[in-house]
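Coordinate inspection notes
So you can see what is in the structure, the chains are spelled out below.
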Amino acid sequence: MTSNQYLTLNNGYKMPLIGLGTWQASGEEVENAIDAALEAGYRHIDTAARYGNESAIGKVLRRWLDAGKVKREELFIVTKLPPTANAPSDVLPVITKSLADLQLDYVDMFLIHTPFTVATNPDGSIKKDAQGLMVPDLTTNHGATWVEMEKLVANGKVKSIGVSNFDEEQIGRLLKTAKIRPATNQIEHHVYLQQRDLINYCKEQGIAVTAYSPLGSRGIAKFNASFGMVRELPDLIEIPEVKEIAAAHGKTPAQVLLRWIIDTGNIAIPKSTNAARLRENLNVFDFKLTEAEVAKLLALDQNFRVCDFTLFHGCEVHPEFRFKNIYNK
């Protein structure tokens, strides 16, 4: 059944409350996942230039659109300006390539992926110093980049623009010069990293919050290990309070974690490539948590960041890098 549950953004557009995250999914795997997600009723798909999967996603979207199985206006497609190319001069070339890869005339949401910038070599590869650390590009100017993002709204290439991984100060600074307010701030948000001050600030400013890693991103431990970064991560599915609430509703722990995000007024983009879990993650609209259950989950906050940006080692010295990790305590 198609998801018809939405949050109305500050510009009047409606954004589905549950979307499909696609980080760490590429090629045939993501094609199969998008097919299964659309069959299950997903209409909100989240991707990014940095994920390297826009062309694979575009193949599936084009197939569905050409077959008349879905209308373009029923879809909500999100992509992002990458950390390696978020200067004002990068905005138009990046969205042009993303649209070509996605085989679309416009995207519904275009985000600045990170508030910091990574320097690149002439061939586009990430620049590293003699120690093998990433070199930050210290010329980042959110306001100037935002002007170019606003032009994309005017010319119809994007419907809405927003940010990702921005904190209160960075958003506040942007709002001082923005003609178009960010429609969303996409951040890591789950019961162990609630970021309530940031979320409350976004809501005060009329900015919707989109939660990535809403289930804790269990696959990131393996991803980190592939880069030599071994770090023990909690399994949110196994939290006793979550399991207790799930049993009370006849739901799974994952469904409870997602419902909590919705019941606290936010959007969630869980990632899965498993057809059964895709359906499970979308099937969260036939129950509601009690106030006591919401409060019980609010009490679980540990300020534990799963996606701590250690992969960008070297960029900790960038003034817009605001994430605490083993290199930046």
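Residues numbered from 1 in each chain as written. Predicted model: local features only at pLDDT ≥ 70, side-chain atom pairs only at ≥ 80, totals over all residues. Heavy atoms only, no water.

**Observations regarding the pattern of salt bridges**
When charged atoms on two side chains of opposite charge get close, those side chains can pair. Within the structure shown, the criterion is met by 18 salt bridges. D46 is the salt-bridge partner of K80, the closest N and O atoms lying 2.7 Å from each other. With K80 in strand β5 (residues 76-81) and D46 in strand β4 (residues 44-46), this pair connects stretches of sequence that are 34 residues apart. Overall, the relative accessible area of 0% leaves K80 in the buried class. A salt bridge links K151 to E148; the shortest N-O distance between them is 3.1 Å. Of this pair, K151 and E148 are both found in helix α4 (residues 142-154), 3 residues apart, which corresponds to roughly one turn of the helix. Residue E148 is classed as partly exposed on the basis of its relative accessible area, which comes to 23%. Connected through salt bridges with shared partners, the residues D167, E169, R173, E320 and R322 form a single ionic network. (Salt bridge = Lys/Arg side-chain N within 4 Å of Asp/Glu carboxyl O. Helix = DSSP H or I, 4+ residues; strand = E, 2+ residues; numbered from the N terminus. Buried < 20%, exposed > 50% of the residue type's maximum accessible area, 1.4 Å probe, protein only.)

**Considerations on the sheet that holds strand β6 (residues 107-112)**
Strand order in the open sheet formed by 8 strands is β3-β4-β5-β6-β7-β8-β9-β10, and the pairing between neighbours is parallel. The strands lining the two open edges of the sheet, one partner per strand, are β3 (20-21) and β10 (267-268). Here helix α6 (residues 196-204) sits on the sheet and contacts β8 (184-188) and β9 (208-212); the angle it forms with β8, its principal contact strand, is near 170°. (Pairing = 2+ DSSP bridges. Contact = heavy atoms within 4.5 Å. Axes fitted to C-alpha atoms, helices over the stretch in contact; angles between N-to-C directions.)

**A short note on the packing of aromatic side chains**
Two descriptors summarise a pair of aromatic rings, namely the distance from one centre to the other and the angle between the planes of the rings. Enumeration over the complete set of coordinates arrives at 8 aromatic pairs. Aromatic pair F116 and F309: ring centres 6.0 Å apart, planes at 85°, arrangement edge-to-face. Of this pair, F116 sits in the loop between β6 and α4 while F309 sits in the segment after α11 (291-298), and the two are 193 residues apart along the sequence. Accessibility assignment for this pair places F116 and F309 in one class, buried. Pairing F321 with F323 gives two aromatic rings, centres 5.2 Å apart and planes at 90°, and the pair type is edge-to-face. Neither F321 nor F323 differs from the other in exposure class; each is buried. Three or more aromatic residues joined by ring pairs make a cluster, and in this case those are F116, F309, F312, F321 and F323. A cation sits over an aromatic face here: K69 above W64, 4.0 Å from the ring centre. Directly above the aromatic system of Y106 lies the positively charged group of R72, at a separation of 4.0 Å from the ring centroid. (Phe/Tyr/Trp six-rings, centres within 6.5 Å; stacked < 30°, edge-to-face > 60°. Lys NZ or Arg CZ within 6 Å of the ring centre and 35° of its normal.)

**With respect to the pairing of β5**
Among the 6 residues of β5, 6 are classified as buried, and the element is accordingly described as predominantly covered. Between the parallel pair β4 and β5, the chain is carried across by helix α2 (residues 54-66), and the sense of this crossover is right-handed. At this point the chain moves from β5, through helix α3 (residues 91-102), to the parallel β6, and the crossover so formed is right-handed. (Right-handed = clockwise from strand over helix to strand, strands pointing away.)

**Some remarks on the nonpolar core**
If you look at the biggest cluster of nonpolar residues, it comprises 84 residues, and the most contacted ones within it are F110, V191 and L297. Per element, the largest residue contribution to this core is 7 residues, and it comes from helix α9 (residues 253-263). Apart from the residues lying within four places of it in its own chain, the contact partners of V191 are L236, I239, L257, W260, L297, L300, D301 and Q302. (Core = buried A, V, L, I, M, F, W, Y, C linked by side-chain atoms within 4.5 Å.)

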